[in-house]
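# Architecture and fold: a report
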Protein chains: 2
Amino acid sequence: MTDGVAERSRPRDRILETAQDMFHKHGIKGVGVDAITEAAGTNKMTLYRHFESKDDLVIECLRATAAKASRIWDEFEARHPGDKLAQLHAWVQKASELLSVDSRGCDMANAAVELTEADHPARRVIKELKEAQREKLVALCRDAGIGQAELLADTLSLLLEGARVSMQSVGAEGPSAQFVRMAESLIASFRAR
Amino acid sequence: MTDGVAERSRPRDRILETAQDMFHKHGIKGVGVDAITEAAGTNKMTLYRHFESKDDLVIECLRATAAKASRIWDEFEARHPGDKLAQLHAWVQKASELLSVDSRGCDMANAAVELTEADHPARRVIKELKEAQREKLVALCRDAGIGQAELLADTLSLLLEGARVSMQSVGAEGPSAQFVRMAESLIASFRAR
DNA sequence: CTAGGGTGTTACCGGTCTGTAACTTTTAGA
DNA sequence: TCTAAAAGTTACAGACCGGTAACACCCTAG
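Reading guide: rules and limits
Residues numbered from 1 in each chain as written. Chains lettered and ligands numbered in written order. Predicted model: local features only at pLDDT ≥ 70, side-chain atom pairs only at ≥ 80, totals over all residues. Heavy atoms only, no water. 1 Å grid on protein atoms, 1.4 Å probe; cavity = no way out; pocket = protein on both sides within 12 Å on 5 of 7 lines; lining within 4 Å. Points joined across faces, edges and corners; volume = space filled by probe spheres on them. Helix = DSSP H or I, 4+ residues; strand = E, 2+ residues; numbered from the N terminus. Nonpolar A, V, L, I, M, F, W, Y, C, P; charged D, E, K, R; others polar. Salt bridge = Lys/Arg side-chain N within 4 Å of Asp/Glu carboxyl O. Buried < 20%, exposed > 50% of the residue type's maximum accessible area, 1.4 Å probe, protein only. Near = heavy atom within 4 Å. Least-squares fit on C-alpha atoms with pLDDT ≥ 70 in both. Contact = heavy atoms within 4.5 Å. Lys, Arg positive; Asp, Glu negative; His and termini not counted. Buried area = accessible area lost by both parts, 1.4 Å probe. Polar contact = N/O pair within 3.5 Å; in protein donor to acceptor, adjacent residues only side chain to side chain.

What follows deals with the layout of surface pockets. A volume near 1,200 Å³ is recorded for the largest pocket. What lines the largest pocket is a set of 43 residues, among which Ala69, Leu98, Cys106, Gln133 and Arg164 of chain B lie closest to the centre. The set of elements that each furnish at least two residues to the lining of the largest pocket consists of α8 (149–170) of chain A together with α1 (11–26), α4 (54–79), α5 (84–101), α6 (107–114), α7 (121–143) and α8 (149–170) of chain B. Looking at the lining of the largest pocket, its residues break down into 19 nonpolar, ten polar and 14 charged. Volume-wise, the second largest pocket comes out at about 990 Å³. Breaking the lining of the second largest pocket down by element, the ones donating at least two residues are α1 (11–26), α4 (54–79), α5 (84–101), α6 (107–114), α7 (121–143) and α8 of chain A together with α8 of chain B. Top element by residues in the lining of the second largest pocket is α4 of chain A. It accounts for six residues.

See the structure below:
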């Protein structure tokens, strides 16, 4: 029973990719290391040779997810070089695609919900990564010539965060279905000020 | 080691109240039935005489939480009888209080994040309760004389949902700090249309 | 006073979890 | 080809989990 993920790469990469996928689908506490290694076509000992602990694996998964997200921002720049406003619209578009394709929301937000201990090692990583994303969106809004860039960026952030969690409780036909309309009219109204 | 919750009520009530509190603070998968019954000053057998299973207890907790939230809506009506617009502002005010007092977000949304199995018995309850809350907010917006009541209600919903989950990943100084400003200017702009 | 329901106590079941030890097999590089 | 590192295998420890059985207790309604 070979698994679909990463047919023949190195065990560490397979584990990381499989863990990302399974944590995303079933939650962190909803999947054990045995299940991960089996799905990755390897075994528990190999996992613990590459990662100090399950928490360490979780952190590496979050970093990998953030790195993927970061690559999407590079796409925006590549597709609309210099045109920051077009990149902002691309961000909205990409966000809506995310909402229509996947219903399990943001891995970092979900992890923050699951890992309730205040001193959990993953929490500071989550905060760092989320703050970095915020900075990016603020910069994009500012460079797009919007006056209250921070406020627009934060509003868009909350809308998307809300949409991604709302999907998980009421589904895609709920409030999140209006995300694009909300975001675009927000941008328009901020530009008009 | 007596617990602070509900000194001497009936065991079922103590369990329900304690479970609500502990599920809220530590998550559903983060607390076991033994810990709940011990904190409630009773034992596991008594819990299972009143609740079919842990899942059943979770569902009852969610219903109880929703009932508490429902009582807040009665307060709005009592404090601003007939004045739906004032009640809408009161909703914003109450939401911001929630954000400043508690950093663990919405129990239903958190449960939806934690309970990933598509057929988990709690999921349909979560959906029902969330949809009922949505209906209430839509009705409030409509009765307050706002044209696109559904869109405003959904936007406010997503903003609050986003703020409550954002607090859990980046804290109260993040985007959620601007919630009131966002909500109020949204209401203003919808009223101006 | 007595009967019975609600409650408390203890022990247990089978399962799952993270993490490790000891050993064998495979793989890749010089 | 030889060697050394990486990976696989098996077994296990120790803890926790949800849930149940059997039995003792207490408190109140009749």
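A separate point is the pattern of salt bridges. Opposite charge on two side chains permits pairing when their charged atoms draw close. Residues and elements named next belong to chain A. Inspection of every chain in the model, using the stated rule, returns 16 salt bridges over all chains. Of the charged contacts in the structure, one is a salt bridge between Glu77 and Lys84, with a shortest N-O distance of 3.2 Å. Its relative accessible area of 33% is what places Glu77 among the partly exposed residues. The partner of Arg124 in a salt bridge is Glu128, and the shortest N-O contact between them spans 3.4 Å. Of this pair, Arg124 and Glu128 both sit in helix α7, four residues apart, which is roughly one turn of the helix.

Moving on to the protein's contact with DNA strand C. Around DNA strand C sit 17 residues in total, of which Lys44, Tyr48 and Lys54 of chain A together with Thr42 and Arg49 of chain B are the nearest. When atoms of DNA strand C within 4 Å of the protein are split into backbone and base, the sugar-phosphate part holds 43%. Secondary-structure elements contributing two or more residues to the surface near DNA strand C are α2 (33–39) and α3 (44–50) of chain A together with α3 (44–50) of chain B. When residues of the surface near DNA strand C are assigned to their parent elements, the largest contribution, four residues, is made by α3 of chain B. In terms of residue class, the surface near DNA strand C is built from six nonpolar, seven polar and four charged.

Next up on the list: the relation of the copies chain A and chain B. Screw-axis analysis of chain A against chain B gives a translation of 0.0 Å along the axis, an RMSD of 0.0 Å, and a rotation angle of 180°. The operation mapping one copy onto its partner corresponds to a two-fold rotation axis. Nearest to the rotation axis, the C-alpha of Gly162 of chain A is located 1.8 Å from it, this being the minimum over chain A. Here 100% of the contact residues of chain A are again contact residues in chain B; the copies associate through an equivalent surface.

Now for the side chain of Glu114 of chain B. Mapping Glu114 of chain B onto the fold places it in helix α6. Nearest to the buried, unbridged Glu114 of chain B among oppositely charged side chains is Arg104 of chain B, at 4.9 Å. The contact partners of Glu114 of chain B, leaving out residues within four places of it in the chain, are Glu114 of chain A together with Gly27, Ile28, Lys29 and Gly30 of chain B.

The next point concerns the interface of chain A and chain B. Taken together, the 38 residues of chain A in the interface contact 38 residues of chain B. Buried surface at the junction of chain A and chain B, summed over both partners, amounts to about 3,200 Å²; 70% is from carbon and sulfur atoms. Among the residues chain A hides against chain B, the three largest losses belong to Val113, Leu158 and Ser169 of chain A. Together they make up 20% of the total. Applying the counting rule to chain A against chain B returns zero salt bridges. Put simply, chain A and chain B have six residue pairs in polar contact (both at pLDDT 80 or more) between them.

Moving on, we come to the protein's contact with DNA strand D. In the neighbourhood of DNA strand D, 16 residues make up the surrounding shell, with Thr42 and Arg49 of chain A together with Lys44, Tyr48 and Lys54 of chain B lying closest. At 2.4 Å, a side-chain N or O of Lys44 of chain B approaches a base oxygen of DNA strand D. Separating a phosphate oxygen of DNA strand D from a side-chain N or O atom of Tyr48 of chain B is a distance of 2.6 Å. Listing elements by their share of the surface near DNA strand D, those giving two or more residues are α3 of chain A together with α3 of chain B. In terms of residue count, α3 of chain A provides more of the surface near DNA strand D than any other element does, four residues in total.

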